[in-house]
Structures are given as structure tokens and as C-alpha cells.
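Secondary and tertiary structure notes
The chain contents come next:
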Amino acid sequence: MKPLRTVALVVNRQKSGAREIGDQLKQLGQDRGVEMRITEEHPLPNGYLQGCDAVCAIGGDGTFLGVVPQAVEYGVKVLGVNLGKLGFLVTFSPDGIAREFGRILDGDYEIEDRTLLEACDPEGERRICLNDVVVKQTASSRMMMLEVFANGDFVNEFACDGLIYSTPTGSTAYNLSAGGPIVHPDVQGITLTPICPHTLSNRSVIFSMGTEIEVRTDLEACSPQVTLDGHLRFTESIAFPLRIRVPSTTVTLIHGKDYSHFLTVRTKLHWRENTL
Ligand SMILES: NC(=O)c1ccc[n+]([C@@H]2O[C@H](COP(=O)([O-])OP(=O)(O)OC[C@H]3O[C@@H](n4cnc5c(N)ncnc54)[C@H](O)[C@@H]3O)[C@@H](O)[C@H]2O)c1
Ligand SMILES: Nc1ncnc2c1ncn2[C@@H]1O[C@H](COP(=O)(O)OP(=O)(O)OP(=O)(O)O)[C@@H](O)[C@H]1O
């Protein structure tokens, strides 16, 4: 792979040991003549990743997800060092990264493109995310009614607490907690999973990647919130219909040579710890 010549380190200062790892990686890079940037600012300052070959998030999955929109905007590859609790996306360990970092900078790494989701409000404002778009009831404890259309075809009116639109990457996050399937990252579809549906036969539906999904609701009857990767990326007074689709851009992840998707799944989800 191409050596990395300009690298940004995004440090989550709430994580103990993150600053030290950031300083260590910055020094390792500079010793090899790599242009290194480092920031603890959150959210990431506009334009921070412009001109970078890669960004390394040092924190948990939330820290990783936070750098994705700019990484996509500037075509920057993403890797992460796990100082979080679960660390599904941050695949490098804090103990091993100092040993591996030099090799990564020299181009000894694997890449994987992951599909994204794009949500578009009626004003044409677009936001992207790596895990999920979640439409959820907030202020009231009443159920909400959400009408879903796929390429103009009526799918269903869901009576539920909310809907999760998930990428394959996000399938192991909120989608899984809500009873949705684990989807391999190579499957380029959109998984729709209702949160606590009133009709028990309302299970996950998987749409092909070319589908444009529209979701409508009556704002007089409910007060929904729309989050992307767990954050309010639209203004709070979100309007409907909301359109959701897979954009043509992807995000490129950097993995170590020994990365295995199912090893991550098995380990992080505590599947059988020993083989027969
Ligand atoms: N009940 C739930 O499970 C629930 C509720 C809200 C949000 N979430 C998820 O949290 C994500 C945001 O993550 P965060 O770390 O900023 O919030 P957070 O700190 O609230 O973390 C939620 C959990 O989801 C894990 N997670 C995040 N992305 C994952 C992925 N792709 N695969 C497996 N696990 C993953 C995190 O490690 C963490 O344990 C959202 O995209 C949403 O999927 C989950
Ligand atoms: N660069 C950053 N600096 C400070 N805070 C951040 C940064 N990036 C994200 N955060 C905030 O810190 C919160 C917690 O971080 P993160 O999700 O990375 O850790 P975690 O929840 O412990 O890890 P994991 O999600 O792997 O269990 C995030 O939800 C986010 O709001």
C-alpha cells in the first residue's frame, strides 16, 4: 500500500493514556519524516483533515465515528486505537500500536472500503454516517407512527419507539441490540430495524443499496429525534419526510495484516471463546 506521508492523530482526552499514545505516535511519525498533526479538539475543527493521507482516532468507537464525516469529505483513510470499552471499530490495541505504527506509515497495512448512509431533509441538507440513522420518539412515552416508502413503494406504517437504518458496519451496534441481524460488511444494503414494534411480526427488512427510503411522520402527534452515529447532526427541529440512501462515496478503513472481521465479531460479542 501507499506509505502515509501526512497523518492526523485525534485524541479523546477523556480516555486515560490517550494523550501519551498520541504523543508517542506523533514522535514515531516525525522520526520517519512524516508530517504529523495532533488535536484533542472535539468536535474536530473544520478542515482539519484536509491534505491528510490518514487519520488515527485514539479513543473508543465514538471517537472513531466522530472523525468519519471529515475523513469522507477529504478522502482520508481511518484507523483507530482502542481506549474505549468495546472498541469494535478501533481495531489496533494500545499495547501493540507503537510497534506497528512505523510499518503502517511505511505502507504495510490492509484497507477496506465500508459503505455509508446518507440522510437528506426536505431542505436538501445531507449528512452521512458510518453506523446508523436513528429516528426515535423523545419527549413522550407514547408510541410513534412512522410511514416507510422504498423507491416510492409503501412498505409499512410502523407503530414503534423508533426506527434504526443501519449500514453493515452499524449492524453490530444499536441494530443488534434491537434484535436486528449481523450483516457482513461486503453486503451493501440498508437494514431497517424497528425499536420495540407494537406488531410483533415487524422484524428487520434489508433493502438493496440502490434503494431510496423515505420516512414520514406526523409532527403534531410525536416529537422525533434524528441521530446519525448517535449524534444530532441536523438541527433539533428536524423536518420530514427524511430520505435515506447509500451514497456513492465510501470510507476507507486501515487494518493491520492480521485483521479478521469474524475474529472481531467473535471476540467483542463474546461468542465461543475456545475452538473445539
Ligand atoms: N441500545 C443500544 O445498543 C444503543 C443505543 C444508542 C446508540 N447506540 C449505538 O451507539 C453508536 C454510537 O457509538 P458511541 O460509542 O458514540 O456511543 P455510546 O458510547 O453510547 O456507545 C454505544 C455502544 O455501541 C458500541 N458501538 C459503536 N459502534 C459500533 C459498531 N459499529 N459495532 C459494534 N458496536 C458498536 C460502542 O462501542 C458502545 O459500546 C450509534 O451509532 C448506535 O449504533 C446503541
Ligand atoms: N476527540 C474527542 N475528544 C473528546 N471527546 C470525544 C472525542 N470523540 C468523541 N468524543 C466523545 O466521547 C464520548 C465517548 O467516547 P468513545 O465512544 O470513544 O468512548 P467509549 O464509549 O468509552 O468507547 P466505546 O464506544 O468503544 O465503548 C463519545 O460519545 C463522544 O461524544
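Starting afresh in each chain, residues are numbered from 1 along the sequence in its written order. Lettering of chains starts at A and numbering of ligands starts at 1, both following the order in which they are written. Given that the model is predicted, a residue must reach a pLDDT of at least 70 before its local features are reported, and side-chain atom pairs must reach 80 or more before they are shown or counted; all residues, however, enter totals for whole chains, interfaces and linings. As a convention, hydrogens and water are excluded, and side-chain values are obtained from all of the structure's heavy atoms.

If you check an unreviewed UniProt entry, the chain appears there as NAD kinase from Puniceicoccus vermicola. As recorded by UniProt, the Subcellular location (unreviewed entry) comment attached to the chain reads in full: "Cytoplasm". UniProt positions are given in the numbering used here, feature names are shortened, and annotations may be inferred rather than shown by experiment. Reading the Cofactor (unreviewed entry) entry of the UniProt record for the chain gives the comment "a divalent metal cation".

Here we look at the site of ligand 2
Every one of the 15 residues lining ligand 2 counts as a neighbour, but Lys15, Gly60, Asp61, Gly62 and Thr63 are closest to it. Between N or O atoms, a polar contact is any pair within 3.5 Å; within protein, one atom must be a potential hydrogen donor and the other a potential acceptor, and residues adjacent in sequence are included only when both atoms are from side chains. The side chain of His42 places a nitrogen or oxygen atom 3.5 Å from a nitrogen atom of ligand 2. In this structure, an oxygen atom belonging to ligand 2 sits 3.2 Å away from a main-chain N or O atom of Gly87. Note on areas: Shrake-Rupley with a 1.4 Å probe; residue coverage comes only from the protein chains shown. Relative to its unbound accessible area of 620 Å², ligand 2 is 80% covered by the protein chains. We place a 1 Å grid over just the protein atoms. Points where a 1.4 Å probe fits but has no way out form a cavity, open points with protein on both sides within 12 Å along at least 5 of 7 lines form a pocket, and any residue with an atom within 4 Å of a point lines it. Think of it this way: a molecule belongs to a cavity or pocket when more than half its atoms come within 2 Å of the grid points there. Judged by its atoms lying within 2 Å of the grid points, ligand 2 is housed in the largest pocket. Only runs of H or I of at least four residues qualify as helices and only runs of E of at least two qualify as strands under DSSP, and these elements are numbered from the N terminus. Elements that contribute at least two residues to the shell around ligand 2 include exactly β1 (6–11) and α2 (61–74). With three residues, the top contributor of residues to the shell around ligand 2 is α2. Residue proximity to a molecule or strand is established when one non-hydrogen atom of the residue lies within 4 Å of it.

A short note on the UniProt feature "binding site: NAD(+)" (unreviewed entry) in the chain
Mapped onto this numbering, the UniProt entry annotates "binding site: NAD(+)" (unreviewed entry) at Asp61, Gly62, Asn131, Asp132, Arg142, Asp161, Thr172, Ala173, Tyr174, Asn175, Leu176 and Ser177. Separation in sequence by 117 residues is matched in space for these annotated residues, since their most distant C-alpha atoms are 31.0 Å apart. The annotated residues that sit in the lining of the largest cavity are Thr172. The class for Arg142 is exposed, based on a relative accessible area of 63%. For every residue, the accessible area obtained with a 1.4 Å probe (protein chains only) is divided by the maximum for its type, and the residue is called buried under 20%, exposed over 50%, and partly exposed between those limits.

Remarks on a nonpolar patch on the surface
Candidate patch residues must exceed 30% relative accessible area and have no salt bridge, after which like charges are joined if within 9 Å and Val, Leu, Ile, Met, Phe, Trp or Tyr side chains if within 5 Å. Each salt bridge in this description consists of a side-chain nitrogen of Lys or Arg and a carboxyl oxygen of Asp or Glu lying within 4 Å of one another. Together, Ile182, Phe262 and Trp271 line one region of the surface with nonpolar side chains, adding up to about 280 Å² of accessible area. Considering the arrangement of structural elements, one finds Ile182 in the loop between α4 (174–177) and β12 (190–195). The exposure class assigned to Ile182 is partly exposed, which follows from its relative accessible area of 33%.

Topic: the site of ligand 1
Around ligand 1, the structure places 15 residues, and the nearest of them are Asp61, Asn131, Asp132, Thr172 and Ser177. At a separation of 3.2 Å, an oxygen atom of ligand 1 approaches a polar backbone atom of Gly62. Asp132 places a side-chain nitrogen or oxygen 2.5 Å from an oxygen atom of ligand 1. Cavity membership is defined here by more than half of the atoms lying within 2 Å of grid points; on that basis ligand 1 lies in the largest pocket. Put simply, the parts of the chain that give the shell around ligand 1 at least two residues each are α2 and α4. It is α2 that provides the largest number of residues to the shell around ligand 1, a total of three residues. Residue composition of the shell around ligand 1, by class: six nonpolar, six polar and three charged. Where each domain starts and ends follows an automatic or database-derived domain assignment. Residue assignment places the shell around ligand 1 across two domains, with domain 1 (6–114 + 250–268) and domain 2 (117–245) each supplying three or more. Throughout this entry, Asp, Glu, Lys and Arg are counted as charged residues, while Ala, Val, Leu, Ile, Met, Phe, Trp, Tyr, Cys and Pro are counted as nonpolar. The remaining residues, Gly among them, count as polar.

Brief notes about the sheet that holds strand β14 (residues 213–216)
Spatially, six strands are ordered β7-β6-β16-β14-β9-β10 in an open sheet, and the strand pairing comes out antiparallel. The open sheet terminates on both sides in strands that have one partner only, identified here as β7 (126–129) and β10 (153–160). Neighbouring strand axes in the sheet, compared pairwise and without regard to direction, differ in orientation by 25° on average. Alignment of strand β9 (residues 144–150) against β10, held across seven bridges, turns out to be antiparallel. When the sheet's bridge partners are listed, Phe149 is paired in β10 with Phe154. Paired strands are those between which DSSP finds at least two bridges. Every axis in this analysis is a line fitted to C-alpha atoms, fitted for helices over the stretch in contact. Angles between the N-to-C directions lie between 0 and 180 degrees.

Let's talk about the domain arrangement of the chain
One can read the domain layout of the chain as domain 1 (6–114 + 250–268) and domain 2 (117–245). On a C-alpha basis, the centroid separation for the pair domain 1 and domain 2 is 28 Å. Residues are treated as being in contact if the distance between any of their heavy atoms lies within 4.5 Å. Each side of the interface is counted separately: domain 1 has 12 residues, and domain 2 has nine residues. Overall, the association of domain 1 and domain 2 removes approximately 1,000 Å² of surface from exposure, summing both partners, and the carbon and sulfur fraction of that is 75%. Counting every contact that joins domain 1 to domain 2 gives zero salt bridges. Between the two partners, domain 1 and domain 2, sit one residue pair in polar contact (both at pLDDT 80 or more). Going through the elements one at a time, α2, β5 (110–114) and α5 (261–268) are the ones with two or more residues in the side of domain 1 that touches domain 2. As used here, buried area is the combined drop in accessible area, with a 1.4 Å probe, of two parts when they are placed together.

Regarding the packing of helix α1 (residues 18–31) against helix α3 (residues 97–105)
Contact pair α1 / α3: the axes reach a minimum separation of 10 Å and the direction vectors enclose 35°. The way α1 lies across α3 gives a crossing that is right-handed. For the pair formed by α1 and α3, the contact residues are Ile21, Gln24, Leu25, Leu28 and Gly29 on the first element and Ile97, Ala98, Phe101 and Leu105 on the second. A breakdown of the residues in the contact of α1 with α3 according to their chemical character gives seven nonpolar, two polar and no charged. For any pair of crossing helices, the crossing counts as left-handed if the nearer helix is rotated counterclockwise from the farther one by less than a right angle, and right-handed if it is rotated clockwise.

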